[in-house]
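Analysis of the macromolecular model
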Amino acid sequence: MNAPVNLADSVRASVVRIGAPPEGYDGSSGTSGDSRRSDRSRRAFWGSGFFVAPGWVLTCAHVLGKGAAPVWRGERAIGITIGDAADSADAPAADGTGRGGGTVLLGELAFGLPRPEDPQAPPSPWPFPDLALVRVPGAEDADCLWLSDRSVLTPAEIGLYGWAPGEVRGEQMFFTGLGKATGVVGRPLMLSGDQLTEGCSGGPVLDQRRGTVLGVSKGAGRRPGTGLATPVTALRKLCDAGPRGARVLHEVLSAHDRHHLSRYTGFGHSWHRQHARLGPTGGEPAYGFTVDRRAELYALFAEIEPPAGAGQVLQLANEARNMVLRRPYTLRDHDPRSWREGAGLLYDPRDHSTAEEEPSPDLALEAVVLYAAKVTAALHRSGPGRTPRAVRALAELREWVERTARTLLNDVIRAQVPGVLDGHRAASAPRADVLVEIDPDIYGSGRHAWRVALVRPADKDELPGEAAAGAFGCLPDADQAAGEDGEREEITVEQSREDAPRSGLEEAVRGALSQALDQCDVDDHLAAVEFMLPRPLFDEPVDAWRARPYDPDDPFNPHTMPLGQRRLVVVRDRTRKDQGFTPECRTRAAAVLSGPLEAVPLRREVPGQGHDAPGSEGGQATYGRLRAASPGAVPVYCARVGSGPGARAMAAALGAGHAMALWRHGCGDGQDHDDCAEFHRRAAELLAEAHSARQVPLHIRTLRNRNAEPADDPEEPTGVNSMPIDPSSAWARHIVLLYDPPHRTSGDGPLREPPLMPRPPTALRSTP
């Protein structure tokens, strides 16, 4: 079974062979005349790839794994073969497949996910997402495929393409096949149909109806006619990998959209023009958000600054959907990282199998115009500091909106566009914060299940135009906080499929945490983070965790800073989720929320006599004293509470209903500090100054920034914190804030039990 000839021929020009560089090439050479030649030597063949933008090839990371360390060091050590025997002296085979030659260019790895721990011993199979972008100098005139702008890619009838070993050793033949792709958001695509052959890994998976790239072939399944592919939406994970990954993705998508507009307005082959020829059979309406409008709008999006995060894109898209009376999308289902993906949600959210749920062409165009107007207004509102080029790009985007709005059939919508352009209002959807929940080690394995969720007030009576409060009561602008026993909604972003050891928890949750924060940071709302921890993990330094890897070249990138230095970060008690909130806890939570606050020692003898004082207070006495403390009392302690005497005292405090506490996770119960009295005195002063629970997290964040020192930065030589910490705030080094008011939860249920244990995967074998 073969793909349609016209589509296969168009794809073939963009699909490349990837292998070892030609003999005689110096991996450090530039783009001189020697970087392009016709090579006939029998070089090692690794797999396939395809151009997504001029000078950019997308493939699987495991395909490049065959190049070992030189490839992953970024050397120009990747051979990219463009074209086939039809372009050379050899004639094509009778079936139309080519063999042998082609033009060879040298490429270098720009970004690969995930990066192998040891490039000389790459993993097999390669973990998801198994993607790599290769920079190919000298390929500025390459034919490029069209990347789907949709978030929901399947089910879809697909075409499979790639290069496979030929009958003659060292030569390859072009492979085409048909099948069907299914899957769910955030997971690999499941393929069925024609069998992927060796060498096709890294090749494109195309939606046969639309002619768009849905994914990248990853490998063949154990059963004949099955396989896996990585969806193109997984490219979003470059943003989660750090600022450099986000820059690479934005550069590639921008070059992609500029290229396709240039091809559409020029002569020769154009994916937009080919799609237009398909007409209704390819889902192309005669009126609406047609290919010419898509090409122009996406090229304009390529010239403006990228969105701050998925939350901003989804917020503006939902506002546009609301104006045309469509139900909003949820953060759980969509994670758009570019402006083009926001438009994709409005005009073509689902496959043709659910066509009855898709908007009509006129409704889709109305939503896209309103969305583009909102993007224009939002960027104009944040205008200070823009370059002249950015100002021009924004003016051109506005001109497109005004010009296209004049073609709208609905007079009511058309009349609203000028107002949207000139008066973008603040976000109107409920503002969400982030919960990171770690399960107890109930099986004694030393490992923990985890979950990352969005949390927001579950206010059923909220009006569409009203801004909602934050998810928990420590936010300074909260009008209805969780501390008042309000109901809140939890929407799971991701939960563990395999438990993680304590030492690996930060790395395990990083991707999901980055995604959740990206969805929640909308307009002027900076999401706070709650860590719901089992009590033995109370001393885990979660305030120092990073949502994205640190980049020494960009030390103050807000997305890579320690969480506690930028955001409001609090700890919650995982045990209370199982035991429930007591009347004592509700009383104390209301008291600390209204204030005033006063400090009470967690261990009575420590402030005056130290940790080794004779006749230390017993557990029952501690409970009685803390239960008798004033309603606004806050237990404070100068050392750790995850184990030892501090843990016993903390259990008594929580049993007595305390909803707030302060301690230090970096100090033990021994002789490693001598400022016990100072800590308790200064903590008491902080609480008195803050007055209520709403202000304490702000004070804690300030102290964390004043206590940053060189050890906090992975790259000390950068000089980011070359000066010693402020002596006046040294007492608060490694300070932890527990704030755990009662709340009622709707939405997702608890974590699954028992947790899955790691096991070697056996269902997939990667093809080269």
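Rules used throughout
Residues numbered from 1 in each chain as written. Predicted model: local features only at pLDDT ≥ 70, side-chain atom pairs only at ≥ 80, totals over all residues. Heavy atoms only, no water. Phe/Tyr/Trp six-rings, centres within 6.5 Å; stacked < 30°, edge-to-face > 60°. Helix = DSSP H or I, 4+ residues; strand = E, 2+ residues; numbered from the N terminus. Buried < 20%, exposed > 50% of the residue type's maximum accessible area, 1.4 Å probe, protein only. Lys NZ or Arg CZ within 6 Å of the ring centre and 35° of its normal. Core = buried A, V, L, I, M, F, W, Y, C linked by side-chain atoms within 4.5 Å. Contact = heavy atoms within 4.5 Å. Expected span 1.5 Å × (residues − 1). Axes fitted to C-alpha atoms, helices over the stretch in contact; angles between N-to-C directions. Parallel < 35°, antiparallel > 145°, perpendicular 65-115°, else oblique. Left-handed = near helix turned anticlockwise from the far one by under 90°. Nonpolar A, V, L, I, M, F, W, Y, C, P; charged D, E, K, R; others polar.

So, the packing of aromatic side chains
Applying the stated criterion across every chain, the model contains 11 aromatic pairs. Centre to centre, the rings of tryptophan 72 and tryptophan 126 are 5.7 Å apart; their planes meet at 15°, and the pair counts as stacked. Placement of tryptophan 72 in helix α3 (residues 68-72) and of tryptophan 126 in the loop between β6 (103-113) and β7 (131-135) is noted, with a sequence separation of 54 residues between them. Pair check on accessibility: tryptophan 72 and tryptophan 126 agree, each one buried. Between the aromatic rings of phenylalanine 289 and tyrosine 298, the centroid separation amounts to 6.1 Å while the plane-to-plane angle is 65°, which identifies the pairing as edge-to-face. Take tyrosine 298: its relative accessible area is 1%, and that puts it in the buried class. Every member of this aromatic cluster is reached through a ring pair, and the members are Trp146, Phe289, Tyr298, Phe301, Tyr347 and Tyr371. When the ring centre of tryptophan 163 is taken as reference, the NZ or CZ atom of arginine 17 above it lies at 4.4 Å.

Quick look at the nonpolar core
Phe301 and Tyr371 are the most contacted members of the largest nonpolar core, which totals 110 residues. Here the element with the most residues in this core is helix α10 (residues 361-381); it accounts for 12 residues. Dropping the residues within four chain positions of it, tyrosine 371 is found in contact with Phe301, Val313, Leu316, Ala317, Ala320, Ser338, Trp339, Gly342, Ala343 and Leu346.

Quick notes on helix α7 (residues 291-303)
Because each turn of an α-helix spans 3.6 residues, side chains separated by three or four positions end up pointing in the same direction. Taking 1.5 Å as the rise per residue, α7 with 13 residues should run 18 Å; its terminal C-alpha atoms sit 19 Å apart, in good agreement. Of all 13 residues making up α7, 10 are buried, and the element is well covered by its neighbours. Along α7, the residues classified as buried are Val291, Arg293, Arg294, Ala295, Leu297, Tyr298, Ala299, Leu300, Phe301 and Ala302.

Details of the packing of helix α20 (residues 676-690) against helix α21 (residues 696-706)
At a minimum axis distance of 9 Å, the contact between α20 and α21 shows a crossing angle of 135°. One element, α20, and the other, α21, form an angle in the oblique class. Considering only the axes of α20 and α21, their crossing is right-handed. Counted together, Leu686, Leu687, Glu689 and Ala690 of α20 and Val696, His699, Ile700 and Leu703 of α21 form the full contact between these two elements. Partitioned by chemical class, the residues of the contact of α20 with α21 number six nonpolar, one polar and one charged.

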